[in-house]
Amino acid sequence: MPTITLKVSTTSKVLGTVAVLLVLGSVISKLLVVELELTSLRLPAKLFDLDAERNLPTSYSVLLLLTSASLLTCITVLDRRQDSPFWSSWAVLALGFFAMAFDEGFRFHERLIDPVRVWLDLDTFGILYFAWVVPGLLLVVVCGLYFSRFLLWLERPMRSKVLLAAFLYVGGAIGVELLGGYHAELHGIENWTYRLIATAEESLEMLGLIVFIRALIDYCSLHFKAIRFEFR
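The present account deals with the structure reproduced in this document.

How each quantity is defined
Residues numbered from 1 in each chain as written. Predicted model: local features only at pLDDT ≥ 70, side-chain atom pairs only at ≥ 80, totals over all residues. Heavy atoms only, no water. Phe/Tyr/Trp six-rings, centres within 6.5 Å; stacked < 30°, edge-to-face > 60°. Helix = DSSP H or I, 4+ residues; strand = E, 2+ residues; numbered from the N terminus. Buried < 20%, exposed > 50% of the residue type's maximum accessible area, 1.4 Å probe, protein only. Lys NZ or Arg CZ within 6 Å of the ring centre and 35° of its normal. Disulfide = S-S within 2.5 Å.

1. As for the packing of aromatic side chains
Inspection of the entire model under this criterion finds 14 aromatic pairs. Here the aromatic rings of W90 and F150 are separated by 4.9 Å at their centres, their planes lie at 85 degrees, and the arrangement is edge-to-face. Pair noted here: W90 is in helix α4 (residues 87-106) and F150 is in helix α7 (residues 148-153), with a separation of 60 residues, a long-range link. Like F150, W90 is buried. Taken together through their ring pairs, the aromatic side chains of F86, W90, Y146, F147, F150, W153, Y219 and F224 make up a single cluster. For the cation-ring pair, R117 lies above F125, with the distance from its terminal atom to the ring centre recorded as 5.6 Å. Sitting over the face of the ring of Y129, R117 holds its NZ or CZ atom 4.4 Å from the ring centroid.

2. Section: the state of the cysteines
Taken as a whole and judged by the stated rule, the model has zero disulfides. Of all cysteine sulfurs in the structure, the one in C220 sits closest to C74, which takes part in no disulfide; the separation is 6.7 Å.

Taken by themselves, the reported measurements are silent on function.
Pasting the structure below:
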(Lines give C-alpha, C1' and ligand atoms only; values in the text may rest on other atoms or scores of the structure.)
Protein backbone atom coordinates (compact mmCIF):
# COMPACT_ATOMS: atom_id res chain seq x y z
CA MET A 1 0.00 0.00 0.00
CA PRO A 2 1.22 3.56 -0.68
CA THR A 3 2.22 5.38 2.49
CA ILE A 4 2.66 8.97 3.58
CA THR A 5 5.52 9.64 5.99
CA LEU A 6 5.17 12.67 8.23
CA LYS A 7 8.43 13.99 9.66
CA VAL A 8 7.99 16.01 12.82
CA SER A 9 10.92 18.39 12.26
CA THR A 10 10.02 19.05 8.62
CA THR A 11 6.37 19.65 9.44
CA SER A 12 7.28 22.10 12.21
CA LYS A 13 9.68 23.98 9.95
CA VAL A 14 7.13 24.29 7.15
CA LEU A 15 4.38 25.48 9.50
CA GLY A 16 6.76 27.90 11.21
CA THR A 17 8.06 29.29 7.92
CA VAL A 18 4.54 30.01 6.68
CA ALA A 19 3.73 31.78 9.97
CA VAL A 20 6.88 33.94 9.75
CA LEU A 21 6.09 34.89 6.15
CA LEU A 22 2.56 35.92 7.12
CA VAL A 23 3.82 38.06 10.00
CA LEU A 24 6.41 39.73 7.76
CA GLY A 25 3.76 40.25 5.08
CA SER A 26 1.51 41.98 7.62
CA VAL A 27 4.24 44.30 8.91
CA ILE A 28 5.59 45.18 5.44
CA SER A 29 2.14 45.82 4.00
CA LYS A 30 1.35 48.16 6.91
CA LEU A 31 4.61 50.04 6.34
CA LEU A 32 3.87 50.46 2.66
CA VAL A 33 0.32 51.68 3.16
CA VAL A 34 0.65 53.73 6.36
CA GLU A 35 4.20 55.11 6.26
CA LEU A 36 4.81 55.36 2.50
CA GLU A 37 1.16 56.17 1.83
CA LEU A 38 0.87 53.76 -1.09
CA THR A 39 -2.91 53.80 -0.97
CA SER A 40 -3.14 51.71 -4.12
CA LEU A 41 -1.92 48.78 -2.01
CA ARG A 42 -4.55 49.25 0.70
CA LEU A 43 -6.81 46.46 -0.56
CA PRO A 44 -4.01 43.88 -1.12
CA ALA A 45 -2.54 44.82 2.27
CA LYS A 46 -5.74 43.68 3.98
CA LEU A 47 -4.99 40.17 2.77
CA PHE A 48 -1.98 40.07 5.12
CA ASP A 49 -3.29 42.17 8.02
CA LEU A 50 -2.98 40.05 11.16
CA ASP A 51 -5.64 42.09 12.91
CA ALA A 52 -8.20 41.85 10.09
CA GLU A 53 -10.80 39.16 9.38
CA ARG A 54 -11.24 36.63 6.58
CA ASN A 55 -7.81 36.96 5.02
CA LEU A 56 -4.65 34.86 4.70
CA PRO A 57 -3.54 34.95 8.38
CA THR A 58 -7.07 34.12 9.54
CA SER A 59 -7.30 31.25 7.06
CA TYR A 60 -3.93 29.92 8.22
CA SER A 61 -4.97 30.07 11.88
CA VAL A 62 -8.16 28.20 11.02
CA LEU A 63 -6.09 25.61 9.14
CA LEU A 64 -3.81 25.14 12.18
CA LEU A 65 -6.82 24.70 14.45
CA LEU A 66 -8.45 22.20 12.08
CA THR A 67 -5.17 20.29 11.81
CA SER A 68 -5.01 20.10 15.61
CA ALA A 69 -8.64 19.00 15.79
CA SER A 70 -8.07 16.29 13.16
CA LEU A 71 -5.00 14.93 14.96
CA LEU A 72 -6.93 14.95 18.24
CA THR A 73 -9.75 13.02 16.56
CA CYS A 74 -7.29 10.36 15.35
CA ILE A 75 -5.80 10.06 18.83
CA THR A 76 -9.30 9.77 20.33
CA VAL A 77 -10.25 6.88 18.04
CA LEU A 78 -6.96 5.02 18.49
CA ASP A 79 -6.74 5.54 22.26
CA ARG A 80 -10.32 4.33 22.64
CA ARG A 81 -9.44 1.14 20.77
CA GLN A 82 -6.51 0.66 23.14
CA ASP A 83 -8.87 1.27 26.09
CA SER A 84 -6.90 4.30 27.27
CA PRO A 85 -8.33 5.76 30.51
CA PHE A 86 -8.41 9.32 29.14
CA TRP A 87 -9.61 8.86 25.58
CA SER A 88 -12.65 11.00 26.41
CA SER A 89 -10.36 13.91 27.27
CA TRP A 90 -8.88 13.71 23.77
CA ALA A 91 -12.44 13.74 22.41
CA VAL A 92 -13.36 16.87 24.38
CA LEU A 93 -10.19 18.55 23.12
CA ALA A 94 -11.04 17.61 19.53
CA LEU A 95 -14.52 19.12 19.83
CA GLY A 96 -13.04 22.18 21.48
CA PHE A 97 -10.56 22.75 18.67
CA PHE A 98 -13.24 22.34 16.01
CA ALA A 99 -15.24 25.00 17.88
CA MET A 100 -12.15 27.23 18.10
CA ALA A 101 -11.62 26.92 14.35
CA PHE A 102 -15.23 27.94 13.74
CA ASP A 103 -14.87 30.89 16.10
CA GLU A 104 -11.56 31.97 14.54
CA GLY A 105 -13.16 32.03 11.12
CA PHE A 106 -16.22 34.04 12.13
CA ARG A 107 -14.99 35.90 15.25
CA PHE A 108 -18.03 35.05 17.36
CA HIS A 109 -16.16 35.81 20.58
CA GLU A 110 -15.99 39.49 19.59
CA ARG A 111 -19.79 39.63 19.68
CA LEU A 112 -19.53 39.17 23.44
CA ILE A 113 -17.75 42.50 23.90
CA ASP A 114 -20.82 44.76 24.12
CA PRO A 115 -22.99 42.45 26.30
CA VAL A 116 -20.11 41.89 28.75
CA ARG A 117 -19.40 45.64 28.90
CA VAL A 118 -23.04 46.23 29.80
CA TRP A 119 -22.79 43.54 32.48
CA LEU A 120 -19.56 44.98 33.91
CA ASP A 121 -21.06 48.51 33.96
CA LEU A 122 -17.72 50.32 34.38
CA ASP A 123 -16.79 53.93 33.65
CA THR A 124 -13.50 52.85 32.11
CA PHE A 125 -12.58 49.29 31.18
CA GLY A 126 -8.77 49.37 31.09
CA ILE A 127 -7.42 45.90 30.34
CA LEU A 128 -11.04 44.70 30.00
CA TYR A 129 -11.71 47.04 27.06
CA PHE A 130 -12.08 43.98 24.83
CA ALA A 131 -14.53 42.56 27.33
CA TRP A 132 -14.80 39.07 25.80
CA VAL A 133 -11.63 38.26 27.77
CA VAL A 134 -13.76 37.94 30.94
CA PRO A 135 -15.66 34.82 29.78
CA GLY A 136 -12.45 33.78 28.03
CA LEU A 137 -10.54 33.76 31.32
CA LEU A 138 -13.36 31.86 33.03
CA LEU A 139 -13.23 29.25 30.27
CA VAL A 140 -9.46 28.89 30.71
CA VAL A 141 -9.92 28.28 34.45
CA VAL A 142 -12.67 25.70 33.86
CA CYS A 143 -10.57 23.90 31.23
CA GLY A 144 -7.54 23.94 33.55
CA LEU A 145 -9.52 22.26 36.30
CA TYR A 146 -11.19 19.77 33.95
CA PHE A 147 -7.95 18.66 32.26
CA SER A 148 -5.73 18.68 35.38
CA ARG A 149 -5.84 14.90 35.90
CA PHE A 150 -5.41 14.32 32.18
CA LEU A 151 -2.29 16.50 32.13
CA LEU A 152 -0.82 14.62 35.09
CA TRP A 153 -1.46 11.35 33.24
CA LEU A 154 0.54 12.44 30.20
CA GLU A 155 4.23 11.57 30.02
CA ARG A 156 6.40 14.43 31.25
CA PRO A 157 7.82 15.45 27.81
CA MET A 158 4.35 15.49 26.28
CA ARG A 159 2.92 17.36 29.27
CA SER A 160 5.63 20.00 29.01
CA LYS A 161 4.94 20.54 25.29
CA VAL A 162 1.18 20.80 25.82
CA LEU A 163 1.61 23.27 28.68
CA LEU A 164 4.05 25.34 26.60
CA ALA A 165 1.59 25.39 23.69
CA ALA A 166 -1.24 26.43 26.01
CA PHE A 167 0.91 29.14 27.61
CA LEU A 168 1.84 30.59 24.20
CA TYR A 169 -1.68 30.43 22.78
CA VAL A 170 -3.55 31.72 25.83
CA GLY A 171 -0.79 34.24 26.51
CA GLY A 172 -1.34 35.64 23.03
CA ALA A 173 -5.11 35.33 22.76
CA ILE A 174 -5.92 36.67 26.22
CA GLY A 175 -2.72 37.95 27.87
CA VAL A 176 -1.62 40.22 25.03
CA GLU A 177 -5.27 41.06 24.30
CA LEU A 178 -5.52 42.54 27.81
CA LEU A 179 -2.53 44.77 27.07
CA GLY A 180 -3.97 45.67 23.67
CA GLY A 181 -7.30 46.60 25.22
CA TYR A 182 -5.66 48.91 27.74
CA HIS A 183 -3.75 50.68 24.97
CA ALA A 184 -6.75 50.81 22.62
CA GLU A 185 -8.94 52.53 25.20
CA LEU A 186 -6.32 55.22 25.81
CA HIS A 187 -4.89 55.74 22.34
CA GLY A 188 -7.12 53.93 19.84
CA ILE A 189 -6.04 51.26 17.38
CA GLU A 190 -4.76 53.40 14.51
CA ASN A 191 -1.17 53.61 15.75
CA TRP A 192 1.98 51.52 15.51
CA THR A 193 2.02 50.53 19.17
CA TYR A 194 -1.35 48.83 18.86
CA ARG A 195 -0.37 47.26 15.52
CA LEU A 196 2.72 45.74 17.14
CA ILE A 197 0.64 44.46 20.06
CA ALA A 198 -1.84 42.87 17.64
CA THR A 199 1.06 41.34 15.68
CA ALA A 200 2.51 39.86 18.88
CA GLU A 201 -0.90 38.46 19.82
CA GLU A 202 -1.49 36.67 16.53
CA SER A 203 2.12 35.49 16.32
CA LEU A 204 1.94 33.87 19.77
CA GLU A 205 -1.34 32.18 18.85
CA MET A 206 0.14 30.67 15.69
CA LEU A 207 3.31 29.63 17.53
CA GLY A 208 1.26 27.97 20.27
CA LEU A 209 -0.73 25.99 17.70
CA ILE A 210 2.43 24.89 15.86
CA VAL A 211 3.98 23.69 19.14
CA PHE A 212 0.75 21.82 19.93
CA ILE A 213 0.63 20.17 16.50
CA ARG A 214 4.23 19.03 16.94
CA ALA A 215 3.35 17.62 20.37
CA LEU A 216 0.41 15.68 18.91
CA ILE A 217 2.53 14.25 16.10
CA ASP A 218 5.15 13.25 18.70
CA TYR A 219 2.42 11.48 20.70
CA CYS A 220 1.21 9.62 17.61
CA SER A 221 4.73 8.55 16.63
CA LEU A 222 5.41 7.29 20.16
CA HIS A 223 2.14 5.42 20.74
CA PHE A 224 0.93 4.34 17.31
CA LYS A 225 4.00 4.29 15.01
CA ALA A 226 1.77 4.23 11.92
CA ILE A 227 -1.81 5.25 11.21
CA ARG A 228 -3.71 3.67 8.32
CA PHE A 229 -6.91 5.03 6.82
CA GLU A 230 -9.27 2.73 4.96
CA PHE A 231 -11.84 4.12 2.55
CA ARG A 232 -14.68 1.72 1.84
